[in-house]
2 protein chains.
Amino acid sequence: MKAEIITIGDEILNGQIVDTNSAWMAQQLAPLHITVAQITSIADTETAITQALQQAETRAEIIIVTGGLGPTKDDVTKTTAARYFKTTLVRDPAVLKHVEQLFARRGYSDMPEVNKQQADVLASATVLFNDVGTAPGMAVERNGKYFAFLPGVPFEMKYLMENRVLPALSQKQSDVFVYNAHLITIGLGESHLARAIADIEEAMPPFLKLAYLPKLGMVRLRFTAVGKDPSVLQTEAERFAELVAERIKPHVVAHADITFEEVIINAFSEANLRLSTAESCTGGAIAAQITAIAGASRMFQGATVAYSNQAKMDVLHVHAQTLEKYGAVSEETVKEMAEGAKQVFHSEYAIATSGIAGPTGGTADKPVGMVCIAVAGKHETTTKTYYFKNDRTINIQRASMAALTLLWNLFQKEQLISEK
Amino acid sequence: MKAEIITIGDEILNGQIVDTNSAWMAQQLAPLHITVAQITSIADTETAITQALQQAETRAEIIIVTGGLGPTKDDVTKTTAARYFKTTLVRDPAVLKHVEQLFARRGYSDMPEVNKQQADVLASATVLFNDVGTAPGMAVERNGKYFAFLPGVPFEMKYLMENRVLPALSQKQSDVFVYNAHLITIGLGESHLARAIADIEEAMPPFLKLAYLPKLGMVRLRFTAVGKDPSVLQTEAERFAELVAERIKPHVVAHADITFEEVIINAFSEANLRLSTAESCTGGAIAAQITAIAGASRMFQGATVAYSNQAKMDVLHVHAQTLEKYGAVSEETVKEMAEGAKQVFHSEYAIATSGIAGPTGGTADKPVGMVCIAVAGKHETTTKTYYFKNDRTINIQRASMAALTLLWNLFQKEQLISEK
């Protein structure tokens with residue numbers, strides 16, 4: 001079944017808030033085999049709301065509207081919806097009592113008329129009782145289409161979705177199913193990847209679709225199968241994912257929908273190995289990316305951001321002669337930084353970065369965007385020099401991704417050796 | 001002028017990514033007096049793209065389309081756009097050369113045909129040259145409407161908006177001028193702020209509008225004046241910004257559109273003071289935020305991410321007894337961490353954090369979301385304990401912001417003392 005989401009309110013349109021509701025709703029709908037075909041964010045006006053409802057109704061069976069149910073006068077959603085469904089607004093006694101109780105609990109004795117209006121609902125709607133807020137949700141069914149109106153406040157919306165909308169929709173289960181298989185790949189550009197697996201993609205049945213989802217230095221592949229027989233969908237999606245994984249084996253880091261950082265955390269935790277970082281130009285970004293993931297403490301020991309030469313010597317035991325002879329941005333220095341971090345943090349692996357992140361600070365020899373990276377492993381230390389461009393933010397992101405890739409490659413190599 | 005944003009691709013519709021691009025674009029368009037009337041997220045199909053373009057064109061003067069420009073065959077945007085504008089695709093030699101150079105730099109000699117296709121642009125379009133990626137943007141003007149097609153990768157989109165689209169759009173402003181004044185405030189919630197300055201806002205002339213742009217722990221105030229006399233706009237916007245700044249003085253950290261990190265970097269650099277961090281629960285996020293800004297090296301000395309107790313003792317010289325008696329998450333421990341960092345990195349100021357970021361790891365005494373922060377300054381060390389909630393990502397962000405606020409307050413206090 002197809003759904004559309006309509007969000008009402010200026011906050012999303014003027015960039016004051018990011019619409020995280022829609023992604024969450026899409027994720028909840030997927031297991032019910034309901035795919036979101038369009039998300040539309042509109043202003044709080046009768047024209048915009050009416051047009052959005054009309055157009056969504058022509059394309060989808062399920063229309064979920066969020067926002068525009070607050071008590072202030074700029075919310076026209078309910079009156080517009082009443083006109084749209086050719087019905088009236090009636091005051092719901094149970095909702096009114098609930099709103100009054102919430103007010104009393106907050107210590108207010110008299111409730112303004114605008115708040116009483118929160119208990120007004122479409123006469124033709126099923127009330128989606130909102131235990132966690134004052135604005136009730138509403139569900140309207142018309143000509144086989146299901147409309148839900150929900151508050152825009154994320155936790156109220158989530159409460160009503162989980163307790164009212166999803167249970168109602170799960171009873172509508174159509175006979176169309178969706179199955180997704182995922183591969184996470186690194187070190188191969190989108191187009192090279194596409195060329196390497198063109199024949200496999202060509203051979204896929206029509207109900208199976210492959211999407212390339214690139215992100216700095218990696219590409220996520222999603223195999224989506226849509227059809228009536230769930231077991232066939234799963235078998236075929238996984239079979240083709242497996243074929244692709246075989247073809248580009250060294251580039252596949254996971255056969256699941258997870259991040260590269262999670263892949264690394266899981267692999268290191270399972271192998272009982274620990275990691276630390278010594279960062280100059282990445283300034284702690286690698287450590288921050290890894291520790292953003294719950295469970296990182298199972299394998300992450302710590303990091304040193306050594307911006308100054310003094311810190312490189314004091315904390316990471318880089319030799320003064322190395323800095324003098326080769327400079328801070330050199331493979332020689334990052335090698336000593338990585339080996340120093342390994343020692344200081346008692347870890348089996350360590351990453352080190354040093355470079356000229358920009359936008360200034362470059363020289364003819366060492367231009368902006370030049371980054372040296374080292375990874376010290378159990379048996380050896382690898383180093384590599386990269387030449388990125390002028391944008392500081394992007395250079396830091398690219399250097400972080402390059403460092404994690406280098407780490408992964410050395411880890412894989414050393415695991416193979418230890419297995420032998 | 002009215003704009004609409006159309007985002008193309010399944011990732012937003014199936015909830016795999018949150019659409020942060022649109023909010024960013026809306027914020028950039030606002031100062032040009034361009035309001036976003038609708039944001040539409042659609043699938044990568046000819047029907048959806050054509051319909052979205054048609055409908056947007058009836059409502060807005062500016063239509064910005066992002067996504068769907070990758071090299072793989074699941075991207076139908078360009079061919080659909082060619083049909084929509086009744087034009088053809090032509091291979092742009094400058095773009096082709098650029099794409100080939102990017103390939104060569106990555107060490108590939110032969111470029112697949114799909115990548116050559118990235119250089120195909122609408123014959124009727126102005127190419128928006130993409131220095132930071134392979135997919136060029138395109139601008140089409142038809143019947144007084146401006147269409148921009150941009151890649152969906154955030155940093156490429158941002159680059160093209162800042163360097164191609166916004167300059168073009170700002171030239172479309174005929175005799176209407178826009179002036180923006182900004183205040184950056186910390187430590188005061190949006191509604192408290194609004195109440196504190198209600199009378200000033202009330203007194204503003206109709207051509208001046210105040211926007212509250214809240215972000216975790218801070219609120220940016222934007223005074224936008226729109227009219228025909230630039231000098232009047234500037235005078236009035238700045239006068240009211242000054243009135244507000246006077247009213248809420250201790251909360252104002254800057255009278256410009258810069259980030260809090262930039263405020264701190266500038267103030268420390270000017271005062272010739274240096275900063276370091278010792279991070280446990282923030283995992284390097286504070287260091288990464290500071291070093292993301294060019295010029296951070298003028299004042300930032302370094303950081304230690306000390307996840308383990310061993311690292312806290314070895315690198316930051318925290319006493320074993322302190323860890324034993326009070327635990328890693330305690331004001332006593334962060335105090336020693338901050339003072340240790342100050343010493344190790346030879347800085348006048350140091351920040352330390354330790355807490356339970358979550359989602360697990362909490363106890364009855366020390367629940368998930370508990371974070372202890374210390375700031376060591378020239379003369380004293382302040383410590384504070386915070387109780388955030390269950391979300392790891394938000395806890396790290398809140399802890400980082402709280403730490404910078406604590407740093408700023410101590411810095412202000414010690415500067416006042418040294419001025420006396």
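Everything numeric in this text was worked out from a predicted model, so none of it was measured.

Moving on: the overall build of chain A. Counting its secondary structure elements, chain A contains 16 helices and 17 strands. Computed over the C-alpha atoms, the radius of gyration of chain A is 28 Å, more than 25% above the 22 Å expected from 2.2 N^0.38 for a compact globule of 420 residues. The C-alpha extent of chain A, read off along each of the three principal axes, is 80 × 55 × 40 Å. Across the 420 residues in chain A, those meeting the buried criterion constitute 55%. Partitioning the contacts of chain A with sequence separation of at least 6, the portion at a separation of at least 24 is 67%. Entry remark: accessible area of chain A is about 17600 Å², with carbon and sulfur atoms responsible for 53%. For chain A, the distance from the average position of its 39 positive side-chain charges to the average position of its 46 negative side-chain charges is 1 Å.

Another point: the nonpolar core. Counting 44 residues, the largest nonpolar core has Leu316(A), Met337(A), Ala352(A), Leu316(B), Met337(B) and Ala352(B) as the members making the most contacts within it. Contributing elements (two or more residues each) for this core: helix 15 (331-344), strand 15 (349-355) and strand 16 (370-376) of chain A together with helix 15 (331-344), strand 15 (349-355) and strand 16 (370-376) of chain B. Here Leu316(B) is in contact with Ala278(B), Thr304(B), Ala306(B), Ala311(B), Glu336(B), Met337(B), Gly340(B) and Ala341(B), once residues within four sequence places are set aside.

This part covers the sheet that holds strand 17 (residues 381-387) of chain B. Strand order in this open sheet of ten strands is 17(A)-16(A)-15(A)-13(A)-14(A)-14(B)-13(B)-15(B)-16(B)-17(B), and the pairing throughout is mixed. Taken across any chain shown, the strands that pair with only one partner, and hence form the sheet edges, are strand 17 (381-387) of chain A together with strand 17 of chain B. For this sheet, the mean angle separating the axes of adjacent strands, direction not counted, is 10°. As paired strands, strand 13 (residues 275-279) of chain A and strand 15 of chain A are joined by five bridges and run parallel to one another. From the neighbouring strand, Glu279(A) faces strand 15 of chain A, where its bridge partner is Thr353(A). The strands that helix 16 (residues 392-419) of chain A touches are strand 13, strand 15, strand 16 and strand 17 of chain A; relative to strand 16 of chain A, the one it contacts most, it runs at about 30°.

Bringing the pairing of strand 2 (residues 35-42) of chain A into the picture now. Strand residues, when the strand is regular, have side chains that alternate between the two faces of the sheet. Taking burial as the measure, the eight residues of strand 2 of chain A include six buried ones, the bulk of the element. One ladder, built from five bridges, connects strand 2 of chain A with strand 2 (residues 35-42) of chain B; its direction is antiparallel. Considered in strand 2 of chain B, the bridge of Ile39(A) is made with Ser41(B).

What follows concerns the domain arrangement of chain A. Annotation of chain A at the domain level lists domain 1 (2-170), domain 2 (177-254) and domain 3 (260-419). For domain 1 of chain A and domain 2 of chain A, the distance between their C-alpha centroids amounts to 37 Å.

This next bit is on the environment of Glu246(A). Residues and elements named next belong to chain A. With respect to the helices and strands, the residue Glu 246 is situated in helix 10 (residues 230-247). By relative accessible area, which is 47% here, Glu 246 ends up partly exposed. Glu 246 sits 99 residues away from Phe 345 along the chain, and the two C-alpha atoms are 37 Å apart.

Here we take up the interface of chain B and chain A. Contacts between chain B and chain A engage 78 residues on the former and 79 residues on the latter. Across the chain B-chain A interface, the total number found is one salt bridge. Among the salt bridges present, the one from Asp10(B) reaches Arg222(A), with a minimum N-O distance of 3.6 Å. As defined by bridge partners, strand 14 (residues 300-306) of chain A adjoins strand 14 (residues 300-306) of chain B across five bridges and the pair is classed as antiparallel. Bridge pairing in strand 14 of chain B links Val305(A) to Ala303(B).

Right, let's get into the side chain of Glu261(A). Topologically, Glu261(A) is positioned in helix 11 (residues 260-270). Apart from residues no more than four positions distant in its own chain, Glu261(A) is found in contact with Gln289(A), Ile293(A) and Leu404(A).

Each value, and the rule that gives it
- Within each chain, residue numbers correspond to sequence positions counted from 1 in written order.
- Numbering of ligands from 1 and lettering of chains from A proceed in the order in which they are written.
- Per-residue local features of the predicted model are confined to residues with pLDDT of at least 70, and side-chain atom pairs are confined, for both listing and counting, to 80 or more; whole-chain, interface and lining totals are unaffected and use all residues.
- Think of the side-chain values as coming from all heavy atoms in the structure, minus any hydrogens and water.
- Segments assigned H or I by DSSP are reported as helices when at least four residues long, segments assigned E as strands when at least two residues long, and all are numbered from the N terminus.
- We compute the radius of gyration over the C-alpha atoms and compare it with the globule rule, which gives 2.2 Å times the number of residues raised to the power 0.38.
- The buried label applies to any residue whose accessible area, calculated with a 1.4 Å probe on protein chains only, is under 20% of its type's maximum; exposed applies above 50%, and partly exposed to all values in between.
- Here, residues are in contact when the closest pair of their heavy atoms is within 4.5 Å.
- Areas reported as accessible are Shrake-Rupley estimates using a 1.4 Å probe. Residue values count occlusion only from the protein chains shown.
- In this charge count, Lys and Arg are treated as positive and Asp and Glu as negative; neither His nor the chain ends contribute.
- The location of each charge is read from NZ of Lys, CZ of Arg, CG of Asp or CD of Glu.
- To qualify as a nonpolar core, a set must consist of buried Ala, Val, Leu, Ile, Met, Phe, Trp, Tyr and Cys residues joined through side-chain atoms within 4.5 Å.
- Pairs of strands are assigned from DSSP output, requiring at least two bridges between the strands.
- To obtain each axis, a line is fitted to C-alpha atoms, and for helices this fit is confined to the stretch in contact; angles are then taken between N-to-C directions over 0 to 180 degrees.
- Bear in mind that the domain bounds are from an automatic or database domain assignment.
- Salt bridges are defined by distance alone: a side-chain nitrogen of Lys or Arg within 4 Å of a carboxyl oxygen of Asp or Glu.

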